[in-house]
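Now for the letters of each chain:
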Amino acid sequence: MTLASGARLGPYEILAPLGAGGMGEVYRAKDSRLGREVAVKVLPAEVANDPDRLRRFEQEAKAVSALNHPHIVTLFEVGSSEHGPYLVLEKIEGKSLRELLRDGALPVKRVLTLGAQIAEGLAKAHGAGIVHRDLKPENVMVTEDGFAKILDFGLAKLVYPELEGRAIGDATTLAQKTGTGMILGTLGYLSPEQAVGKPADFRSDHFALGALLYELATGERPFHRESTPESLAAVIRDEPDRLRAKNAALPAQLGWIVERCLAKRPDDRYASTRDLARDLADLRDHFSEVTRSPGVAEVEAVGSPRSSRERLLWPGVLAVLVAVVALLGWRLAVGGGAVAPQRLTVERLTRLPGVERQPAISPDGKSVVYHRDRDLWLLRVGGSNPINLTADSPQADFAPAFSPDGQLLAFTSLRIGTPALFVMGATGENVRRVAPGGFMPAWTPNSQELVYCQNANDTGYAGGSGEGLEAVELASGRIRTLCACVANQPVVSPGGKWVAYWGSDVTGRAQRDLWLVPLAGLESGRAPLRLTDDPAHDWNPEWSADGRWLYFVSDRGGSPNLWRLPFDEPAGSALGEPEPVTLPAASVHTFRLAADGRTFVFASQSGGSELARMPFDPRSGAAGPASEPPLRLGDFVSNFRRSAFSPDNQWIAMQTGPSGNDIVLLKLDGSAARTLVAAGSNRQRAPAWSPDGRTIAFASDRSGKYEIWGIAPDGSDLRLLLATDRMLLDPLWSPDGTWLAAAERVASDGFGTVVHRVSEPPDRFERLPELPDGDLFGAEIWSRQGDALVGSGWKSGIWSWSLGQRAYRELISTAPGEGLGVTAELPGGRILVYRAFFPGVRVERIDPASGNRELVLEDEARAVAVARDQQSLWLNRWKEEADLWIARLEEPSR
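About the criteria used
Residues numbered from 1 in each chain as written. Predicted model: local features only at pLDDT ≥ 70, side-chain atom pairs only at ≥ 80, totals over all residues. Heavy atoms only, no water. Helix = DSSP H or I, 4+ residues; strand = E, 2+ residues; numbered from the N terminus. Buried < 20%, exposed > 50% of the residue type's maximum accessible area, 1.4 Å probe, protein only. Contact = heavy atoms within 4.5 Å. Areas by Shrake-Rupley, 256 points an atom, 1.4 Å probe, with all protein chains shown as cover. Pairing = 2+ DSSP bridges. Axes fitted to C-alpha atoms, helices over the stretch in contact; angles between N-to-C directions. Expected span 1.5 Å × (residues − 1). Disulfide = S-S within 2.5 Å. Polar contact = N/O pair within 3.5 Å; in protein donor to acceptor, adjacent residues only side chain to side chain. Salt bridge = Lys/Arg side-chain N within 4 Å of Asp/Glu carboxyl O. 1 Å grid on protein atoms, 1.4 Å probe; cavity = no way out; pocket = protein on both sides within 12 Å on 5 of 7 lines; lining within 4 Å. Points joined across faces, edges and corners; volume = space filled by probe spheres on them. Core = buried A, V, L, I, M, F, W, Y, C linked by side-chain atoms within 4.5 Å. Parallel < 35°, antiparallel > 145°, perpendicular 65-115°, else oblique. Left-handed = near helix turned anticlockwise from the far one by under 90°. Nonpolar A, V, L, I, M, F, W, Y, C, P; charged D, E, K, R; others polar.

Peer 1: Mind showing me how you'd approach the overall build of the chain here?
Peer 2: Across its full length, the chain holds 14 helices and 55 strands. Sorting the 894 residues of the chain into buried and exposed places 56% on the buried side. Within the chain, counting contacts between residues at least 6 apart in sequence, those at least 24 apart form 50% of the total. Surface accessibility of the chain: about 36,000 Å² in total, with carbon and sulfur atoms responsible for 50%.

Here is the structure:
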């Protein structure tokens, strides 16, 4: 059916045809009501003839119409006429990518620009749960001013829903089904899972974008063959030629991005469309069309897609560092012998975008097991094909540790719903649980026991309140306690006498230091031995093979890197001060040392926080999707809280900075940022803005232990607000600013709550009692009226403390260990709660009266906060990049 000029579809007058395809016929039309030109797409007759399909189509098309984004063509209206159902779309003046490709490949800068724009549009839709399913050059328009606009979002499913999950047959079947060779995708751009009839999710769009980028960069389709069956087979089985084999001038980073998009398995593609968009945008921003010298090209080939300028430049920096190290030699004596020049060689083990961390190296130094995307992966040193050892478990597996003989791997897993310790063969066989809880297992030298802690922290910038080191005997399952200490990442000395770990004491300083306890356990009345005692963050201890050095990661030199402490293992004492052992990395996250004492495998990390604003209706609980690009920061933001917003909702006070210890003020439109309190030799934590806007309260250890201090937003009037004889954190202003609450460390058992009237001296306060069940109460918000504090029990339950009645009331009963936190009290007495899970956060709205719980959102964010006016949610997403490297110390050539 072709409509003649002058035909009408409701208020729209047809002016001229624009094109036709399997998704319908498109016309240029005029909206008689608004006097504007639009594009009208009349859908195939089979849609109009099926009432159920038409109803589903209208429902889903309305969802697509909510996608308001500069890189998605706007869907104005869904209508119906005697000519059939139709869509009214924004009319684009420009050309399709197919038209632009008629002259061959596009310039690299333009490929990156358009690719980033398309990915940003996809990210917007994917965030709303909508998948395109038919991304191709014909479905992307480029405006006259160079803006990419994606057409036909979701229409492949909307028009042909019954074909979802049906395998594609031969060319005849294709033609019968669609008339143009489309079944939920177009040949050459559909993903392998679409080709075999499996359901498509957002990663199928990644595959299509990869094929599109390949064609834009080379002028050739990656899977085009002589016939339809051959093309289908190529999509399912074949790998296209590398981009740089087609054009050596293309940046290697673009090749890596395309290869990841075109991975056959969806799990091997990007886990986030925003990460894909970010990699393309960063490469675009830092790519130069200037001809590269051969030396620069070689350096570029070492790198991989990054999400910041630092990460894009890091391969070059590394090459320079390695060259300097090779030239000058390293003065490192492993094992405590005489200092002699040694040469360091560095090899990259992983290069995919994303986070590879917590490496474990086999005793022979030939294999590495590491954590990535919830699983444990085994990689042969020098190889490029990692093996997923824990693909059988959908839950997170992490913290691997090789047994001394290299035959077994211990690790922590959530596969039974709660953390537990497991052991399996070194290649993933015979998985068995050995302890009902615990994290970060470490083997004893005789392989008979595993020592573990109650914290999952693998960085000194994390806190931790889980108590105790324990050991489990593998043969009997007998568990014994080594100490009741705040411990992380234990490691047993080679002689089997000592366990080193990092953690903090309970004096209020919260330093991240190295500690020592006997493997036999602490005697009654004895305390762990502190090995380091200074403001630096120290973590990840690791013994040398002969026990004469204790290596660890520390930021005492600026950024986190490798240090070591000389040690007398028989005596259990340090023999001197820490000394640097610098690895060529911008920031070392975790490391392990092989049994030869000369081979280090380490994770080099970079990244920062991304703050995303999401519209929120506090009465209905409806949230999102995000309506503007997120704010990207160069550092991580910690203790992200509602109370940090300024009263006018224009600024937020953040705990961030290179060391994570600064208080920084950020304008929420991204136009300004300034450091309010610099770290110096002390630490700042958890800023909270007073309701009158005049004071920002924060925790600081500037006096030797954490207390609550205040400062004006202009940096003046620094003063002590609240002090007890214990550590204080997390200040909370009452709505009228007359009260200040804070979390107080209670011995070694966790945190309780203190309340202070602001008009009184800083040392006047009230400690709230324990909950009726003996649990500790952690206040997280004030009630809307300011007459009560609301928070969670240390073990379970959501409670309120009435200042007037001086009594607790349980608002919500939760299961032990459920870990709900409170972020806001909403109109009608409902409470907004959150629960951190791996790797994100779940937000629910709960009615305490009925117990009814409604899901608000699940997101990859690490933290969520509600703006003061409750009209938006802010999500703190930690964007990290971590790759694994191996460094070897070698004797100098003679």
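That covers the picture; the talk isn't over yet.
Peer 1: For this particular structure, what's the right way to read the sheet that holds strand β36 (residues 662–667)?
Peer 2: Backbone-to-backbone hydrogen bonds join strands into a sheet, with any given pair of strands oriented parallel or antiparallel. A sheet is described by the order of its strands in space; here three strands give the open sequence β35-β36-β37, paired in antiparallel fashion. Two strands in the sheet have a free side with no partner beyond their single neighbour: β35 (651–656) and β37 (673–677). Going from strand to strand, the sheet's axes swing by 30 degrees on average, the running direction of each strand aside.

Peer 1: Mind showing me how you'd approach helix α4 (residues 108–127) here?
Peer 2: Since one α-helical turn is 3.6 residues long, residues separated by three or four positions face the same way. For α4, built from 20 residues, the straight-helix expectation of 28 Å at 1.5 Å per residue is met to within 8% by its first-to-last C-alpha distance of 28 Å. α4 sits mainly inside the fold: 15 of its 20 residues count as buried. Taken from the residues just after α4, Gly129 is the one with a positive phi, measuring 80 degrees.

Peer 1: Can you help me understand the state of the cysteines in this one?
Peer 2: Two cysteines form a disulfide when their sulfur atoms are joined by a covalent bond. Summed over all chains, the structure comprises one disulfide. Note on cysteine connectivity: Cys483 is disulfide-linked to Cys485, with sulfurs 1.9 Å apart. By relative accessible area, which is 4% here, Cys483 ends up buried. Accessibility expressed as a relative area gives 7% for Cys485, which makes it buried. Cys453 forms no disulfide, and the closest cysteine sulfur to it belongs to Cys485, at a distance of 9.3 Å.

Peer 1: Can you walk me through the pairing of strand β24 (residues 498–504) in this structure?
Peer 2: Along any regular strand, the residues point their side chains to alternate faces of the sheet. Among the seven residues of β24, seven are classified as buried, and the element is accordingly described as predominantly covered. Taking every second residue as pointing to the same face, both faces of β24 are buried, with Trp498, Ala500, Trp502 and Ser504 on one and Val499, Tyr501 and Gly503 on the other. Here strand β23 (residues 479–492) runs beside β24; their pairing, made up of five bridges, is antiparallel. When the bridges of β24 are listed, Ala487 appears paired with Gly503. Connecting β23 to the antiparallel partner β24 that follows it, the hairpin turn spans five residues, and Gly496 within it adopts a positive phi of roughly 75 degrees. Bridge analysis of β24 against strand β25 (residues 513–518) gives six bridges, and the strand direction is antiparallel. When the bridges of β25 are listed, Ala500 appears paired with Leu516.

Peer 1: When you look at helix α12 (residues 273–286) in this model, what are you seeing that I'm missing?
Peer 2: The end-to-end C-alpha distance of α12, which contains 14 residues, comes to 20 Å, matching closely the 20 Å that a straight helix rising 1.5 Å per residue would cover. Counting buried positions over the 14 residues of α12 gives 10, a clear majority of the element. For α12, the complete set of buried residues consists of Thr273, Leu276, Ala277, Arg278, Asp279, Leu280, Ala281, Asp282, Leu283 and Arg284. You can read the cap of α12 off the contacts: a side-chain oxygen lies 3.2 Å from the backbone nitrogen of Arg274, and it is on Ser272.

Peer 1: Is there a simple way to think about the pairing of strand β52 (residues 840–846) in this case?
Peer 2: Summarising burial for β52: six of the seven residues are buried, a large majority. Where β52 and strand β53 (residues 853–859) come together, six bridges link them in antiparallel fashion. Across the sheet, Val841 pairs through a bridge with Asp859, a residue of β53. What sits between β52 and β53 in their antiparallel hairpin is a turn of six residues, with Gly851 showing a positive phi close to 80 degrees.

Peer 1: I would appreciate a short explanation of the pattern of salt bridges in the present structure.
Peer 2: Close approach of charged atoms allows side chains of opposite charge to pair. Counted by the stated rule, this structure contains 51 salt bridges. The closest approach of N and O atoms between Arg415 and Asp397, which form a salt bridge, is 3.0 Å. Within this pair, whereas Arg415 is found in the loop between β17 (408–413) and β18 (420–425), its partner Asp397 is found in strand β16 (residues 397–402), the two being separated by 18 residues in sequence. By relative accessible area, which is 21% here, Arg415 ends up partly exposed.

Peer 1: I'm lost on the sheet that holds strand β41 (residues 719–722) in this one. Help?
Peer 2: Strand order in the open sheet formed by four strands is β38-β39-β40-β41, with antiparallel pairing between adjacent strands. If you trace the sheet from one side to the other, it starts and ends with β38 (684–689) and β41, each paired once. For this sheet, the mean angle separating the axes of adjacent strands, direction not counted, is 35 degrees.

Peer 1: Honestly, empty space enclosed by the protein in this entry has me stumped. Any pointers?
Peer 2: Sizing a probe to match a water molecule and rolling it over the atoms shows the empty space that remains. All chains considered together, the criterion is met by four cavities of 30 Å³ or more. The space that makes up the largest cavity amounts to roughly 150 Å³. Residue lining of the largest cavity: 14 residues in total, with Ala399, Pro400, Met440, Gln489 and Arg592 positioned closest to the centre. Within the residue set of the lining of the largest cavity, elements represented by two or more residues are β12 (357–361), β16, β20 (439–443), β23 and β32 (588–593).

Peer 1: It is not clear to me how the nonpolar core should be interpreted in this structure. Could you clarify?
Peer 2: What tends to happen in soluble globular proteins is that the nonpolar side chains get buried as a cluster. Of all hydrophobic cores here, the largest spans 52 residues; its most connected members are Leu97, Ile118, Leu135, Leu209, Leu254 and Leu280. Broken down by secondary-structure element, the contributors of at least two residues to this core are α3 (97–100), α4, β8 (140–143), β9 (148–150), α8 (202–218), α9 (228–237), α11 (252–261) and α12. Grouped together as the second largest cluster of nonpolar side chains are 29 residues, Trp539, Phe567, Trp885 and Leu889 included.

Peer 1: Can you walk me through the side chain of Thr143 in this structure?
Peer 2: In this structure, Thr143 sits in strand β8. Here Thr143 falls in the buried class, since its relative accessible area comes to 14%.

Peer 1: Please explain the packing of α4 against α8 as it appears in this structure.
Peer 2: Working note: a packed helix pair is described by the angle between its axes plus the distance between those axes. Where α4 contacts α8, the two axes come as close as 11 Å, and the packing angle between them is 170 degrees. Relative to α8, the element α4 lies roughly antiparallel. Crossing of α4 against α8: the hand is right-handed. Along its contact with α4, which presents Val111, Gly115, Ile118, Ala119, Leu122 and His126, the element α8 presents Phe202, Asp205, His206, Leu209, Leu212, Leu213, Leu216 and Ala217. Looking at the contact of α4 with α8 residue by residue, the classes come out as 10 nonpolar, three polar and one charged.

Functional significance is not addressed by these values, which are geometric in nature.
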